[in-house]
Structures are given as structure tokens and as C-alpha cells.
Amino acid sequence: KTEVDFGGEAVSLKEVSLTYSGLDVADIKVGNHKPSFGMENNISSNDLMLIERSAPTNAFTRGEELGVNVLSGGDNWFLGAGVFSEDAGNRSTGDDEDITYDFRGSVNLASLLDPATDHVLHLDAGYSHRNPTGTVRFRARPGTGDGSRTVDTGAIASVEDVDVYSVGVGAVVGPFSLQSEYFSADVNRDSGNADADFDGYYAQVGYILTGESRPYN
């Protein structure tokens, strides 16, 4: 898969990856692509409940980066684990040796309990361990990315590592749907510098007036 962005009078690489699907137990994806971490982050922009991703998702998850991802799943469960560095377009020599380990699992509990049901109860959990070589910053813009940042911690220096956790839930009952996710980030700094903790969450509720159900994959 190759996806290139030509916006803003510039050329930037989005997803450029190769997936090996010859194993029965898992697919192996290599290249510049999104880590599995984050439920809303891994939903296509075509399928979001709203026209933008939430501020916590934009602040605590990451876009496409160079790495290796092992992906496995079925109709009602998913597991992903990967090792990543910086994105392919990074030109900062101070940040090109970052290493991140990302894990995520999810299950549709409603279907496991009753295979005949059309209802969805999706449970989601993830963990991201990050070893940065430069500063760390959590920030997000509103809307489509224009305007000032409504969330911005500023650059945090002297960081040893960062642990980010996520838990999420999604539900579909007829035309009603719900989606929510919580993030927590622990920034561990060198001795003599105070550690920092951040968290955030979002909740979305939808109802389709014409009676259809939101699709689930």
C-alpha cells in the first residue's frame, strides 16, 4: 500500500507499507504505517462518528511511522504488537532514533456471548512504551488541523521513557451507538526532574434517525 499526501504545496509520505499474509496465525506489516495503539486512531477517517478525531486521540496517539507490526484477529477479536521508530519524513537528527513498543487488543463481547446477536459490545485496551531521544510533547489542534492548539504541554526535556495506556468501549444496539476512550500518559524523567502525568478522554453518542445500525468490523 502506498499513500502520499500532496496538500499544502508539499509532498509527504503517509502509509507506505508491505504486508505478508502467508501465515495462518497473523499478518506481518513492514514500512511507514500507523501503530495499532488507539481505537479511534485506527478507524478510517471515512468511518468516524464525527468529522474529526478527538483531541485526546490526536494528543496521545501517533500517525504513520517506520516499523514492524504483527496483526492477528477474527470476526470478533483483534491483537496487534509492533516496534516503531520515527516517521519516514522526519529530518531531525535528534529524534530519528526513537523506539516505541505498541500493543493493542480488542473483543466484541456481545458476539462471543451470543453469536446470533446483531448487538455490539466492543472492549479495547492498549499500551505504548516510548523511548524518546529528544523532547516529548502532547498537543492537538481543533477541527481539521487549522488554528491554534487547544491542547499543548510544551516541549518536555530530560525524559527517560513514556508509558501511555488506553482503554475503550464501543456499543451498537439498533440505531443507537456509543464510543468512548480514556488515555493516561506517565512521563518518567531523569533524576532531579519531576515526573509528569497527563490524561484525557472522549465520549460520543449517535442515533441514526432512519433506523439503520452503524457497521462494525
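From a predicted model like this one, the values you see are computed outputs, not experimental measurements.

Q: Outline the overall build of the protein, supporting the account with residue identities and numerical values.
A: A tally of regular secondary structure across the protein gives two helices and 12 strands. Put simply, the protein runs from its N terminus to its C terminus through helices and strands in the order β-β-β-α-β-β-β-α-β-β-β-β-β-β. The C-alpha radius of gyration computed for the protein amounts to 18 Å, which stays within 12% of the reference 17 Å derived for 217 residues, consistent with globular compactness. With the C-alpha coordinates of the protein rotated into their principal frame, the extents come out at 55 × 40 × 40 Å. Here the protein holds 217 residues, and the buried ones make up 37% of them. In the protein, 54% of the contacts between residues at least 6 apart in sequence involve partners at least 24 apart. Counting only carbon and sulfur atoms, one obtains 53% of the accessible surface of the protein, whose full area is about 12200 Å².

Q: How would you explain the pattern of salt bridges if you had to name every residue and give the values?
A: All told, the structure shown has seven salt bridges when counted by the stated rule. Where glutamate 15 meets lysine 29, a salt bridge forms, and the shortest distance between an N and an O atom there is 3.3 Å. Of this pair, glutamate 15 sits in strand E2 (residues 12-20) while lysine 29 sits in strand E3 (residues 27-33); the two residues are 14 residues apart in sequence, bridging distant segments of the chain. Taken individually, glutamate 15 and lysine 29 each receive the classification buried, so the pair is uniform in this respect. Between aspartate 152 and arginine 137 there is a salt bridge, with the nearest N and O atoms lying 2.7 Å from each other. A residue pair is termed long-range when its members are at least 10 positions apart, and aspartate 152 in strand E9 (residues 151-152) and arginine 137 in the loop between strand E7 (120-131) and strand E8 (139-140) qualify at 15 residues.

Q: Lay out the sheet that holds strand E1 (residues 2-5) in plain terms, naming residues and giving numbers.
A: Strand order in the open sheet formed by 10 strands is E1-E2-E3-E4-E5-E6-E7-E10-E11-E12, and the pairing between neighbours is antiparallel. Two strands close off the open sheet at either side, each with one partner strand: E1 and strand E12 (196-207). Along the sheet, successive strands turn relative to each other by an average axial angle of 10°, direction set aside. Sheet analysis places strand E11 (residues 176-189) next to E12, joined by 12 bridges and oriented antiparallel. Bridge pairing in E12 links glutamine 179 to glutamine 204.

Q: An account of the nonpolar core is requested, with residue identities and associated values reported.
A: Ranked by size, the top nonpolar core spans 14 residues in total, and within it Phe60, Phe138, Val159, Val162, Val164 and Val187 carry the most contacts. Listing elements by their share of this core, those giving two or more residues are helix H1 (55-60), strand E10 (159-173) and E11. Setting aside chain neighbours within four positions, we find phenylalanine 60 in contact with Phe37, Arg130, Phe138, Val164, Phe183, Ala185, Phe198, Asp199 and Gly200.

Q: Requested: an account of the environment of leucine 209, with residues and values cited.
A: Structurally, the position occupied by leucine 209 is in the segment after E12. Taking the relative accessible area as the measure of exposure, leucine 209 reaches 80% and is therefore exposed. When the C-alpha positions of leucine 209 and serine 12 are compared, they lie 39 Å apart, and in sequence the two are 197 residues distant.

Q: Just give me the short version of a nonpolar patch on the surface, but keep the residues and values in it.
A: The grouping of Val173, Phe176, Val205, Tyr207 and Leu209 at the surface amounts to a nonpolar patch, some 550 Å² of accessible area in total. Residue tyrosine 207 is classed as exposed on the basis of its relative accessible area of 55%.

Q: Now, about the environment of tyrosine 20: what can you tell me, with residues and values included?
A: By the secondary structure assignment, tyrosine 20 is in strand E2. On a C-alpha basis, the gap between tyrosine 20 and serine 128 in space is 24 Å, while along the polypeptide they are 108 residues apart. The residues touching tyrosine 20, leaving out its near neighbours within four places in the chain, are Ala26, Asp27 and Ile28.

Thresholds applied
- Residues numbered from 1 in each chain as written.
- Predicted model: local features only at pLDDT ≥ 70, side-chain atom pairs only at ≥ 80, totals over all residues.
- Heavy atoms only, no water.
- Helix = DSSP H or I, 4+ residues; strand = E, 2+ residues; numbered from the N terminus.
- Rg over C-alpha atoms; globule rule 2.2 N^0.38 Å.
- Buried < 20%, exposed > 50% of the residue type's maximum accessible area, 1.4 Å probe, protein only.
- Contact = heavy atoms within 4.5 Å.
- Areas by Shrake-Rupley, 256 points an atom, 1.4 Å probe, with all protein chains shown as cover.
- Salt bridge = Lys/Arg side-chain N within 4 Å of Asp/Glu carboxyl O.
- Pairing = 2+ DSSP bridges.
- Axes fitted to C-alpha atoms, helices over the stretch in contact; angles between N-to-C directions.
- Core = buried A, V, L, I, M, F, W, Y, C linked by side-chain atoms within 4.5 Å.
- Patch = residues over 30% accessible without salt bridge, like charges linked within 9 Å, V, L, I, M, F, W, Y side chains within 5 Å.

Bear in mind that shape data such as this cannot, by itself, settle questions of function.
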